[in-house]
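Overview (structure and organization)
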Amino acid sequence: AAYNEEKIIRDKLANSLALDYPREKLEIIVVADGSSDGTPNIAAKFADRGIRCLFEPERRGKSHALNRAVAASQSEIVVLSDANNLFSSNALRYLVRALSRPSVGGVSGAKRIIENRDRAASVGDSLYWRYESRIKLAESELGGTVAADGEIFAMRRELYRPIPPEVINDDAFLTLAVVLQGYEIGYEPAATSTEEASASITEDFRVKVRMVAGGYQFLAMYWRDLMGTGWFAFKFASHKILRWLMPLFLIALLSISTLRFDEWPYALLLVAQILFYGVASVGALVPSVRQASKLVYIPFYFTTMNLAAFVGLARFLRGRQSVLWSKAAR
């Protein structure tokens, strides 16, 4: 799905054509619906190399675009990606190999962030995705991960279910669709995709708000289905739901520590929180300090992203989150 991606679509298609995979077995489909820039024209120039570009003037969101692409494909396996992600040359081979296990219906590769001192969000993004990778590896030891990444996600085409137009987090919907059909989601860290971090913390904040609002929407729509998945549901709650609720836990901890300040364990907790948020505030007020020291950057990034999660919850409750992506500047 490529909406107004003229800056990167040429590199993405060149990267796709250079993948170490039999060319006669590879379909590459670009959906540029709603694009008002040169994305459709650039993609169309690759037609003589077997790349198809689908275009409708109306922008109807990423889920609609993915549904159109999969419907137009013929292959046994579909691999979903974003325009700003570049795959490692052997990524497809690793993904397909992981799908050779009969119990695996989908497999997620590993997302990598390029650390760049000129991009304030890059250090936090990189740390987050390394942490996320460790969680997924642990989950894989327990029968599959619960969090496929839409940037690099392969699945059996027969298991694909059209994504409802109102769904925000398409990868969460497809993950659950695979699990409900009796398959697990594998994780293959050797299949990597690389992208630049958001251009600023503000852009990263907006992305986090959308993802959390979409997470709550997904939970509200499909909690009954989740409840019937047993072990998957437990891992999903641990990995995702507790993370979305973290801002509320942090507020509760600060409130309880304040109210019971006269008892030493709570007094110690309150002092620790004041110091932590104080360091985070220094990071917010003095960008040069947070960029120079991870001791400042990590509290700042942690606090900022949990604030974004809180805003995401508020946006969900108010029904203000659109299915259309507000693209992050990169």
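Rules of the game
- Residues numbered from 1 in each chain as written.
- Predicted model: local features only at pLDDT ≥ 70, side-chain atom pairs only at ≥ 80, totals over all residues.
- Heavy atoms only, no water.
- Helix = DSSP H or I, 4+ residues; strand = E, 2+ residues; numbered from the N terminus.
- Rg over C-alpha atoms; globule rule 2.2 N^0.38 Å.
- Buried < 20%, exposed > 50% of the residue type's maximum accessible area, 1.4 Å probe, protein only.
- Contact = heavy atoms within 4.5 Å.
- Areas by Shrake-Rupley, 256 points an atom, 1.4 Å probe, with all protein chains shown as cover.
- Bend = angle between axes of the 7 residues up to and from the residue.
- Pairing = 2+ DSSP bridges.
- Axes fitted to C-alpha atoms, helices over the stretch in contact; angles between N-to-C directions.
- Salt bridge = Lys/Arg side-chain N within 4 Å of Asp/Glu carboxyl O.

1. A look at the overall build of the protein chain
Regarding its fold elements, the protein chain presents 11 helices and 7 strands. What you see for the protein chain is a C-alpha radius of gyration of 21 Å, in line with the 20 Å of a compact globule of 330 residues. With respect to the principal axes defined by its C-alpha atoms, the protein chain has extents near 75 × 45 × 35 Å. Out of the 330 residues in the protein chain, the part that is buried amounts to 49%. Relative to all contacts within the protein chain whose residues are 6 or more apart in sequence, the contacts with residues 24 or more apart total 73%. For the protein chain, the accessible surface area stands at approximately 16200 Å², while carbon and sulfur atoms represent 60% of it.

2. Here's the deal with the side chain of Ser88
The topology assignment puts Ser88 in the loop between strand S4 (86-87) and helix H4 (91-98). Each residue touching Ser88, except ones within four places of it in the same chain, is listed here: Leu19, Ala190, Ala191 and Thr192.

3. Focus on helix H8 (residues 231-259)
Where H8 bends most, at Met246, the angle is about 50°, and the proline Pro247 comes one to four residues later. Among the residues of H8, those classed as buried are Phe232, Ala233, Lys235, Phe236, His239, Lys240, Arg243, Trp244, Pro247, Leu250 and Ser257.

4. A look at the sheet that holds S4
Spatial ordering of the open sheet is given by S3-S6-S5-S7-S4, a layout of 5 strands whose pairing is mixed. Either end of the sheet is taken by a strand with one partner, and the two such strands are strand S3 (77-81) and S4. Alignment of S4 against strand S7 (residues 184-196), held across 2 bridges, turns out to be antiparallel. Within S7, the residue paired with Leu86 across the bridge is Thr194. Packed on one face of the sheet, H4 meets S3, S4, strand S5 (104-114), strand S6 (152-156) and S7 and runs near 170° to S7.

5. Overview of the pairing of S5
Along S5, 9 of the 11 residues are buried, which leaves the element largely enclosed by surrounding structure. As paired strands, S5 and S6 are joined by 3 bridges and run antiparallel to one another. Paired with Ser108 across the bridge in S6 is Phe153.

6. Some thoughts on the pattern of salt bridges
Evaluation of the coordinates by the stated rule reveals 13 salt bridges. When the shortest N-O distance is used, the salt bridge between Arg93 and Asp20 registers 3.2 Å. Of this pair, Arg93 sits in helix H4 while Asp20 sits in the loop between helix H1 (9-17) and strand S1 (28-31); the two residues are 73 residues apart in sequence, bridging distant segments of the chain. Here Lys136 and Asp149 are joined by a salt bridge, their closest N and O atoms 2.4 Å apart. Of the two residues, Lys136 is situated in helix H5 (residues 122-140) and Asp149 in the loop between H5 and S6; the sequence distance between them amounts to 13 residues. Just as Lys136 is buried, Asp149 falls in that class too. When salt bridges that share partners are traced, they join Asp33, Glu56 and Arg68 into one network.

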